[in-house]
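Below are the chains, spelled out letter by letter.
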Amino acid sequence: MKRLILTLIIILSASTAMFASKAPSANVDDIFSEFSSAKDADFVNVNPFMMWLGKQFIDDDPDAQIVKKIKSVRVLDLEKCNSSTKSKFKQQVNRISTKGYEEMVRMNDNGEKVLIFAKIKEETIHQMIIVCVSDGDCALVEVNGKFTMDDIAGVVKSQTPKKHGRR
């Protein structure tokens, strides 16, 4: 009888520890809804209609052509928020669900962390998630649309300053 009770206690404690270690993952929509209304948070949501309006004013500048391929953008900036809000944001970002996303960039430079994930179907990026976290700044950006890696490479190339006749 003692063995049975001891075995049940061990099984219950092991299963409890297993379930406690699995914290629920957060998705991007949850993070935006939780922190967009935080005190001193800056949140911008450019929905598809607003993007369509903005696209009407884009000329044939090659640098602006990627904007025509973007459907919507959401930006959350917590730079002006208190440290408690930033700490909660960092915890949520650490639990962010990346299921269905491919990791494009992971950078850690002097405490500043940048993560870029993308949903890619047949060489076309449909959604990009950009997360920036440091001691002083926390930001989350979501870009929806249909663009390729070549489109992104073109923007990077055009925005990289020339130095000594080279890029």
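Residues numbered from 1 in each chain as written. Predicted model: local features only at pLDDT ≥ 70, side-chain atom pairs only at ≥ 80, totals over all residues. Heavy atoms only, no water.

This brings us to the overall build of the protein chain. If you tally the helices and strands in the protein chain, you get five helices and six strands. Each helix (α) and strand (β) of the protein chain, taken in turn from the N terminus, gives the series α-α-β-α-β-α-β-β-β-β-α. Looking at the protein chain residue by residue over its 167 residues, the buried ones come to 29%. When contacts within the protein chain are restricted to residue pairs at least 6 apart in sequence, long-range pairs at least 24 apart make up 54% of them. Split by element, the accessible area of the protein chain, about 11800 Å² in all, is 56% carbon and sulfur. (Helix = DSSP H or I, 4+ residues; strand = E, 2+ residues; numbered from the N terminus. Buried < 20%, exposed > 50% of the residue type's maximum accessible area, 1.4 Å probe, protein only. Contact = heavy atoms within 4.5 Å. Areas by Shrake-Rupley, 256 points an atom, 1.4 Å probe, with all protein chains shown as cover.)

Along the chain, E142 turns up in strand 6 (residues 138–147). Take E142: its relative accessible area is 6%, and that puts it in the buried class. One polar contact links E142 to R74, side chain to side chain, over a distance of 2.7 Å. For E142, the side chain forms a polar contact with the side chain of Q127, separated by 2.5 Å. If near-sequence neighbours (up to four positions away) are discounted, E142 is found in contact with V28, F32, S72, V73, R74, Q127, M128 and I129. (Polar contact = N/O pair within 3.5 Å; in protein donor to acceptor, adjacent residues only side chain to side chain.)

A contiguous nonpolar patch, built from F49, M50, W52 and L53 and spanning about 420 Å² of accessible area, is present on the exposed surface. The topology assignment puts L53 in helix 3 (residues 48–55). (Patch = residues over 30% accessible without salt bridge, like charges linked within 9 Å, V, L, I, M, F, W, Y side chains within 5 Å. Salt bridge = Lys/Arg side-chain N within 4 Å of Asp/Glu carboxyl O.)

Turning to the packing of aromatic side chains, a few remarks are in order. Tallying each qualifying case throughout the model produces three aromatic pairs. With centroids separated by 5.8 Å and ring planes inclined at 55°, the aromatic side chains of F32 and F43 adopt a geometry described as tilted. With F32 in helix 2 (residues 28–35) and F43 in strand 1 (residues 42–46), the pair connects residues that are 11 residues apart, well separated along the chain. Residues F49 and W52 carry aromatic rings whose centres are separated by 6.0 Å and whose planes lie at 25° to one another, so their mutual orientation is stacked. Taken together, the residues span about one helical turn, with F49 and W52 both in helix 3 at a distance of three residues. (Phe/Tyr/Trp six-rings, centres within 6.5 Å; stacked < 30°, edge-to-face > 60°.)

The full count for this structure, using the stated rule, is four salt bridges. For K69, the salt bridge identified is with D151, shortest N-O distance 3.0 Å. Placement of K69 in the loop between helix 3 and strand 2 (70–77) and of D151 in helix 5 (residues 149–159) is noted, with a sequence separation of 82 residues between them. Of the residues examined, K69 reaches a relative accessible area of 35% and is grouped as partly exposed. Among the salt bridges present, the one from E103 reaches R106, with a minimum N-O distance of 3.0 Å. The network of salt bridges with shared partners includes D29, R74 and E142.

Moving on to the sheet that holds strand 4 (residues 112–121). The antiparallel open sheet is built from six strands, whose spatial order is 1-2-6-5-4-3. Taken across any chain shown, the strands that pair with only one partner, and hence form the sheet edges, are strand 1 and strand 3 (102–109). Shown here is a sheet whose adjacent strand axes are inclined to one another by a mean of 10°, direction ignored. Both strand 5 (residues 124–133) and strand 6 contribute to a ladder of eight bridges, which runs antiparallel. In the strand pairing of strand 6, V133 is matched with C138. Sheet strands in contact with helix 2 are strand 1, strand 2, strand 5 and strand 6, and its direction is about 50° off that of strand 2. (Pairing = 2+ DSSP bridges. Axes fitted to C-alpha atoms, helices over the stretch in contact; angles between N-to-C directions.)

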